[in-house]
Amino acid sequence: SIKVGDVVSANVDVEKRDATRRNHTATHLVHAALREVLGTHVKQGGSVVAPNYLRFDFTHYQPLSAVEIKEIEDLVNYQILQNSKVNTDLMSIDEAMRTGAMALFGEKYGEKVRVLSVGNGEFSRELCGGTHVRATGDIGSFKITNDEAIASGVRRIRAITGFDSFERFREDEKLISDSLNVLKTQRDNLPNAIEKLQEELKRTRKEVDDLKMKIT
């Protein structure tokens, strides 16, 4: 139980908070990158910022192509490598709108709002009251892991940053290495080796079916 006058101590889980910061600032960069790559019709439809991933819902009418995903990842990672300072300013809602800051449709804002800008704000400037990194370089790296439709005209991407993206890179390297060992081939020949194996499997299945017919 707790009563008036008790002295309490609150401690922030620094590692968890820092991971959340990385994913939150990355969410702002993703929003800006999506609008640059896909077009200004992209509007945020919801998001989740967790310590181990970020999720972003947005308006768009078709799946992202491999080229588009690459362009979005490149744009976000370029901003990360620039190590641009992340600035926050408190101002009136009217002043914020004049600066070009993006606001979420349907969100209620008070007279004073917090504007978050990456660098000079040319790439990303949004109204936001959440926790963020001090500079984009703190994010480390960014990787999209999934793109799916969740409703008509609404898509959802999941992505990871920081140590989680490094771990994903390591897992991918292990998968490739294990596949190379099983197929006894070189890295640059892996797709060909898999294709050849599939052709051999089709041929073998046809031979088995032919033998079954002869036996029958």
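Residues numbered from 1 in each chain as written. Predicted model: local features only at pLDDT ≥ 70, side-chain atom pairs only at ≥ 80, totals over all residues. Heavy atoms only, no water.

Caption draft 1: The arrangement of the nonpolar core in detail. Core analysis: the largest hydrophobic core is formed by 28 residues, its most contacted members being Leu34, Phe58, Phe142 and Ile157. At the level of elements, helix H1 (14-38), strand E2 (54-59), helix H2 (66-82), strand E4 (112-118), strand E6 (142-151) and strand E7 (154-161) are the ones that each hand at least two residues to this core. Broken down by element, this core gets its largest block of residues, 8 residues, from H1. Ignoring sequence-local partners within four residues, the contact set of Leu34 consists of Gly39, Val42, Phe56, Phe58, Ile72 and Ile157. (Core = buried A, V, L, I, M, F, W, Y, C linked by side-chain atoms within 4.5 Å. Buried < 20%, exposed > 50% of the residue type's maximum accessible area, 1.4 Å probe, protein only. Helix = DSSP H or I, 4+ residues; strand = E, 2+ residues; numbered from the N terminus. Contact = heavy atoms within 4.5 Å.)

Caption draft 2: Fine view of helix H4 (residues 162-183). In this model H4 runs 32 Å from its N-terminal to its C-terminal C-alpha over 22 residues, within 8% of the 32 Å that 1.5 Å per residue would give. Three or more residues of H4 are buried, namely Gly162, Ser165 and Leu180. Along the long axis of H4, the arc covered by the buried residues comes to 70°, so they all point the same way. For H4, the exposed residues lying more than 90 degrees away from the buried face are Phe163, Arg170, Lys174, Leu175, Asn181 and Val182. Those residues of H4 hidden inside the fold are in contact with H1, E6, E7 and helix H5 (190-215). At the C-terminal side of H4, Lys184 shows a positive phi close to 55°. (Expected span 1.5 Å × (residues − 1). Arc of directions from axis to C-beta.)

Caption draft 3: Quick look at the layout of surface pockets. Counted as a void, the largest pocket has a volume near 180 Å³. Lining the largest pocket are 14 residues, and of these His28, Gln44, Leu104, Leu127 and Cys128 sit closest to its centre. Sorting the residues of the lining of the largest pocket by element identifies H1, strand E1 (44-49) and strand E5 (124-127) as the ones contributing at least two each. Among the elements that take part in the lining of the largest pocket, H1 stands out by supplying 4 residues, more than any other. Per-class residue counts for the lining of the largest pocket are 5 nonpolar, 7 polar and 2 charged. (1 Å grid on protein atoms, 1.4 Å probe; cavity = no way out; pocket = protein on both sides within 12 Å on 5 of 7 lines; lining within 4 Å. Points joined across faces, edges and corners; volume = space filled by probe spheres on them. Nonpolar A, V, L, I, M, F, W, Y, C, P; charged D, E, K, R; others polar.)

Caption draft 4: Summary view of the packing of H4 against H5. Packing of H4 against H5 brings their axes to within 11 Å, and their N-to-C directions diverge by 50°. Between H4 and H5, the angle falls in the class oblique. Considering the relative orientation of H4 and H5, their crossing is left-handed. Within the contact between the two elements, H4 uses Ile176, Ser179, Leu180 and Leu183 and H5 uses Leu190, Ala193, Ile194 and Leu197. Residues of the contact of H4 with H5, tallied by class, amount to 7 nonpolar, 1 polar and no charged. (Axes fitted to C-alpha atoms, helices over the stretch in contact; angles between N-to-C directions. Parallel < 35°, antiparallel > 145°, perpendicular 65-115°, else oblique. Left-handed = near helix turned anticlockwise from the far one by under 90°.)

Caption draft 5: How the structure looks around the sheet that holds E2. Overall, antiparallel pairing links the 4 strands, which are arranged E1-E2-E7-E6 in an open sheet. In the strand order of this sheet, the two ends are held by E1 and E6, each with one partner. Each neighbouring strand pair of the sheet contributes to a mean axis angle of 15°, computed without reference to strand direction. Where E6 lies against E7, 8 bridges are found, and the strand directions are antiparallel. (Pairing = 2+ DSSP bridges.)

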